[in-house]
Amino acid sequence: MSERPRILDTFLTLVTTDSQTRKEGRMADLLQERLEAMGFTVQRDDAGERIGGETGNLIAKLKGNSEGPPLCLCAHMDRVSPGTGIKPQIRDGVITSDGTTILGADDAAGLAAILEGVQRAIEQGVKRPDIEVVFTIAEEGGLNGSKNMDFSLIEAREAFIIDSSTPVGTIINKAPAQTKVTYRVIGKAAHGGVEPEKGISALVVAAHALTRMKLGRIDEETTANLGLAQGGSATNIVMETFEMRGDVRSLVTEKMEAQVQHMTEVFERTAAEFGARVEADIQFAYGPVNLKPDDPVVQRAAAAIRRAGLEPELRATGGGSDANIFNSRGITACNLGTGYRGAHSLQESIEIAALERIGDVVFALIVESASA
Ligand SMILES: [Zn+2]
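Residues numbered from 1 in each chain as written. Predicted model: local features only at pLDDT ≥ 70, side-chain atom pairs only at ≥ 80, totals over all residues. Heavy atoms only, no water.

Asker: Please give an account of the pattern of salt bridges that cites residues and values.
Answerer: Enumeration according to the criterion identifies 23 salt bridges in this entry. Note that D130 is salt-bridged to K63, the shortest N-O span being 3.1 Å. Of this pair, D130 sits in the loop between α4 (105-124) and β6 (131-136) while K63 is found in the loop between β2 (58-62) and β3 (71-76), placing the two residues 67 residues apart along the sequence. Of the residues examined, D130 reaches a relative accessible area of 23% and is grouped as partly exposed. The exposed category is assigned to K63, whose relative accessible area is 63%. (Salt bridge = Lys/Arg side-chain N within 4 Å of Asp/Glu carboxyl O. Helix = DSSP H or I, 4+ residues; strand = E, 2+ residues; numbered from the N terminus. Buried < 20%, exposed > 50% of the residue type's maximum accessible area, 1.4 Å probe, protein only.)

Rendered as structure tokens:
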């Protein structure tokens, strides 16, 4: 048997440490200890207090030994359910859970890769800039850790998020902004058998509005979906309220806003026509990642991936990550592929070889950033 790679041991330690969203305390303690052992100064912000979690985000700094702007590396500490008591299994070079939980490679792979890459840079004595490691809480379920992060603690203007469920070598340079929308049409209840003419069906109003509305794929960069609907109280009562919830996404914030405005206007105009009204609840969730291929951050990631012996591939995704929040807070960030598969499912897996490669990529990012 060949020697067991260190990153595998790190990974197994991390996935067997429970860390659910808002319950990242044990994980944060473990990571802080590892970072301090490497020489980092570790701070925790107050995001945990703000969202009712056990700990804040970990923001750790290590002084460099060369010129160059500080490099920020980020992964998230929490994981989805069922994600406690994970018992990792290894077969034919692939790590899975025992089938009763997720594996938690999302995002233990990112955490392990950052620890490994930095450790190797220190051991090999390579030139490195100041390194800022950010381990976030509550990424799952709405990016609440990074949304509430104290960004004044971060000096870097460029960051690499290690948290994409794409093959190692992938650079996510485009991810849409998102707005959550709720529309509640309010008509008038009446007995459906006795005096239906006195009622105003919220369902019928909504149906008319929906036929007049652009939904689904709006353009190459923009989508809109109403995925949940609820209404009515009894079969013999004209439906008084009908509520629809969904989201609007776009790579361009202005297009997202225009689509939301379109939907709100159609609901309001149609409701007025029928003597009904509509309540709209519009919640901006986060801004986009929209980096050109020649953006220096994308170029840096591509150079590191090549240095690690892989071919970089740019990709767009429809989902959000901490990269969305970093970009909206003025730090240019892209998300990198980790090689984990089936995230958020009991079938989640990662190859040991992928773990080793993502560790190589992080190490190469440090080398590339020093020579920038
Ligand atoms: Zn993740």
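Asker: Could you give an account of the side chain of S349, naming the residues involved and the relevant values?
Answerer: Within the secondary structure layout, S349 lies in strand β17 (residues 349-351). What makes S349 buried here is its relative accessible area of 10%. In contact with S349, other than residues within four places in its own chain, are V94, I95, T96, L103, G339, Y340 and R341. (Contact = heavy atoms within 4.5 Å.)

Asker: Residues and numbers for the nonpolar core, please.
Answerer: Soluble globular proteins tend to pack their nonpolar side chains together in the buried interior. Core analysis: the biggest nonpolar cluster contains 91 residues, and F11, L35, F40, F135, F160, F326 and I350 have the highest contact counts within it. For this core, the element with the most residues is helix α10 (residues 352-370), which contributes 11 residues. Contact partners of F40, with chain neighbours within four places excluded, come to L35, A60, K61, L62, V118, I131 and V133. Counting residues in hydrophobic clusters, the runner-up holds 23 residues, among them A177, A202, M213 and A224. (Core = buried A, V, L, I, M, F, W, Y, C linked by side-chain atoms within 4.5 Å.)

Asker: So what about the sheet that holds strand β13 (residues 277-286)? Which residues, and what values?
Answerer: Overall, antiparallel pairing links the five strands, which are arranged β10-β11-β12-β9-β13 in an open sheet. Among the strands making up the open sheet, the edge pair consists of β10 (216-219) and β13. If you compare each strand with its neighbour and ignore which way they point, the axes differ by 20 degrees on average. Across 10 bridges, strand β9 (residues 177-186) lies against strand β12 (residues 241-250) in antiparallel orientation. The residue of β12 that forms the bridge with K180 is D247. Along the sheet face, helix α6 (residues 202-211) touches β9, β11 (222-231) and β12 and points at about 25 degrees away from the line of β12. Contacts from helix α7 (residues 253-273) reach β9, β10, β11, β12 and β13, with the element oriented near 5 degrees to β9. (Pairing = 2+ DSSP bridges. Axes fitted to C-alpha atoms, helices over the stretch in contact; angles between N-to-C directions.)

Asker: Tell me what's going on with the side chain of D322, and back it up with residues and numbers.
Answerer: In this structure, D322 sits in helix α9 (residues 322-328). We note that D322 is buried and unpaired, the nearest opposite charge coming from K147 at a distance of 9.4 Å. At a separation of 2.7 Å, a polar atom in the side chain of D322 contacts the side chain of T136. Every residue in contact with D322, bar those within four places of it in the chain, is listed here: C74, H76, T136, E139, L143, S146 and I161. (Lys, Arg positive; Asp, Glu negative; His and termini not counted. Polar contact = N/O pair within 3.5 Å; in protein donor to acceptor, adjacent residues only side chain to side chain.)

Asker: Which residues make up the packing of helix α1 (residues 6-15) against helix α2 (residues 25-37), and what values do they have?
Answerer: Relative to each other, α1 and α2 sit at 150 degrees, their axes nearing to 10 Å. Judged by the angle between their axes, α1 and α2 are roughly antiparallel. Within the contact between the two elements, α1 uses T10, T13 and L14 and α2 uses M27, L30, L31 and R34. Residues of the contact of α1 with α2, tallied by class, amount to four nonpolar, two polar and one charged. (Parallel < 35°, antiparallel > 145°, perpendicular 65-115°, else oblique. Nonpolar A, V, L, I, M, F, W, Y, C, P; charged D, E, K, R; others polar.)

Asker: Can you explain the environment of A304? Please cite residues and give values.
Answerer: Positionally, A304 belongs in helix α8 (residues 296-307). We classify A304 as buried; its relative accessible area is 0%. C-alpha of A304 to C-alpha of C74: the two residues are 230 residues apart in sequence and 16 Å apart in space. Setting aside chain neighbours within four positions, we find A304 in contact with V361, A364, L365 and E368.

Asker: Outline unusual backbone geometry, listing residues and values.
Answerer: Of the consecutive residues S81 and P82, the connecting peptide bond is found in the cis state with omega at -10 degrees. Secondary-structure assignment places P82 in the loop between β3 and β4 (89-91). The peptide bond linking D106 to D107 adopts the cis configuration, its omega dihedral lying at 10 degrees. Within the secondary structure layout, D107 lies in helix α4. Even without being a glycine, R22 presents a positive backbone phi close to 70 degrees. For R22, a relative accessible area of 32% puts it in the partly exposed group.

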